[in-house]
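Notes for the structure review
So you can see what is in the structure, the chains are spelled out below.
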Amino acid sequence: SKAAVYQKFLTQLIKLAYKQGLISGKKVALDSSFVKTYSGKEEEGSGGWNGHKEAIGFKLHALIDVNTGCLIALIIGDGLTHDSQVAIPLLKKARPWLRKVGYVLADKGYDDTDIIEYIAKGLRAKAGIPIREMPKDKKGKKKGNYQNWKLKAKGRTVKKSILNLRTEVERFFSYLKRVLKLGKDATRGIKRFVDNTYLACIFYMLQRVCAVGITQF
């Protein structure tokens, strides 16, 4: 299939970027981006209405090297699956390029015990994921105590200078949508969307590797 060919070429570009030092994997960021269906209606593989986004669409889940903006791993799926459910499969997919990983950055949507544990024990890295605020009681006081917070903070970094680096993955999504017009293609269904996404990512990575003088693949 086209998708298999595109995926194979994209993987080769990621391998090349890693070999040439464009992907160190020391600090990486993950996030997802919602893309509405072209028709605005339910399409094959979209999963149905997303109440939070108030639309129907697909999701890209990506892991980026924050130092260079290079893509490390990508998963494309329906628009309903929660980001936290895809985090560990995405990190496992990226494992070959994360041998030197020190920090895995993400937003509060990834504040999940299993994710933090996988980052700390599976990758031997620190999670740069903010802790969700504790719920408040009827008097407006936060439930829980310092000991609970301390337990949740284990395996994480709370340095703002590190946490703020996760915006690099947002720039990646912005480029795909704003410059490469992902989601504006007059195609329908997840198969076509996957093809379009891989092509956009290939173009993105070609720009990254060619910018540093790599012209042989």
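1. Examining the pairing of strand 3 (residues 55-65)
With respect to burial, strand 3 is a largely interior element, 11 of its 11 residues being buried. Relative to strand 3, strand 1 (residues 27-36) runs antiparallel, the two being bridged by nine bridges. Counted as the bridge partner of lysine 36 is glycine 57 from strand 3. Relative to strand 3, strand 2 (residues 49-50) runs antiparallel, the two sharing two bridges. Within the sheet, the bridge partner assigned to asparagine 50 lies in strand 3 and is alanine 55. Here strand 2 folds back onto strand 3 in antiparallel fashion, the turn holding four residues, of which glutamate 54 has a positive phi close to 55°. Judged from the seven bridges that link them, strand 3 and strand 4 (residues 71-78) form a sheet pairing that is antiparallel.

2. Here's the deal with the side chain of aspartate 31
Note on placement: aspartate 31 falls in strand 1. An unpaired buried charge is present at aspartate 31: no salt bridge exists, and arginine 166, the closest side chain of opposite charge, is 6.6 Å distant.

3. Considerations on the side chain of threonine 197
Its location among the elements puts threonine 197 in helix 7 (residues 190-211). On the basis of relative accessible area, threonine 197 is assigned to the buried category, the value being 0%. The residues contacting threonine 197, other than those within four sequence positions of it, are Leu60, Leu74, Ile76 and Leu182.

Cut-offs and rules
Residues numbered from 1 in each chain as written. Predicted model: local features only at pLDDT ≥ 70, side-chain atom pairs only at ≥ 80, totals over all residues. Heavy atoms only, no water. Buried < 20%, exposed > 50% of the residue type's maximum accessible area, 1.4 Å probe, protein only. Helix = DSSP H or I, 4+ residues; strand = E, 2+ residues; numbered from the N terminus. Pairing = 2+ DSSP bridges. Lys, Arg positive; Asp, Glu negative; His and termini not counted. Salt bridge = Lys/Arg side-chain N within 4 Å of Asp/Glu carboxyl O. Contact = heavy atoms within 4.5 Å.

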